[in-house]
Amino acid sequence: MRQAGVYSGMVSGGRTGPHLLPLARIKKIMKKSGDNVKMISGEAPIVFSKACELFIEELTRRSWMVAMQGKRRTLHKDDVATAIVATDIFDFLVDLVSSGNSINPLDFSPVEMETVLES
């Protein structure tokens, strides 16, 4: 596992050591995201890793508030969907969780999901 360098320590608020998300997987997704993406610096996946952590934290917080309003202490898929629909910054995910959508996002990797949504 790759150890975090000086740059990632700055990005992650001083935390060094293994990242919460696998950098190799992030780099693989980045390379598959476009035909023109061939070379990626070592620091770019670190920044993406931190951005993904923040995204997951924010979506989880908002989904948790939905679960608490329903007087539950277990987070469900519907809580996440409700949080996505209720939050403007998550509008790009609305099609993913819409009720008429027969696609189960948990059945696909992020790259596969992007392919399915494009078709």
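On a predicted model such as this, the values are computed, not experimentally measured, just so you know.

(A) How the structure looks around helix 3 (residues 44-69). Helix length check: helix 3, at 26 residues, gives a terminal C-alpha distance of 38 Å against a target of 38 Å (1.5 Å per residue), a fit within 8%. Along helix 3, the residues that are buried comprise P45, I46, S49, K50, E53, L59, S63, V66 and A67. Directly beyond the C-terminal end of helix 3, a positive phi value near 55° is found at K71.

(B) Looking closely at the packing of helix 3 against helix 4 (residues 77-86). Orientation of helix 3 relative to helix 4, taken along the N-to-C sense of each, is 110°, at an axis distance of 8 Å. Classed by the angle they form, the pair helix 3 and helix 4 counts as roughly perpendicular. Our pair here, helix 3 against helix 4, has a crossing hand that is right-handed. On helix 4, the residues that touch L59, R62, S63, V66 and A67 of helix 3 are D79, V80, T82, A83 and I84. Across the contact of helix 3 with helix 4, the residue classes break down as 6 nonpolar, 2 polar and 2 charged.

What counts, and where the lines are drawn
- Residues numbered from 1 in each chain as written.
- Predicted model: local features only at pLDDT ≥ 70, side-chain atom pairs only at ≥ 80, totals over all residues.
- Heavy atoms only, no water.
- Helix = DSSP H or I, 4+ residues; strand = E, 2+ residues; numbered from the N terminus.
- Expected span 1.5 Å × (residues − 1).
- Buried < 20%, exposed > 50% of the residue type's maximum accessible area, 1.4 Å probe, protein only.
- Axes fitted to C-alpha atoms, helices over the stretch in contact; angles between N-to-C directions.
- Parallel < 35°, antiparallel > 145°, perpendicular 65-115°, else oblique.
- Left-handed = near helix turned anticlockwise from the far one by under 90°.
- Contact = heavy atoms within 4.5 Å.
- Nonpolar A, V, L, I, M, F, W, Y, C, P; charged D, E, K, R; others polar.

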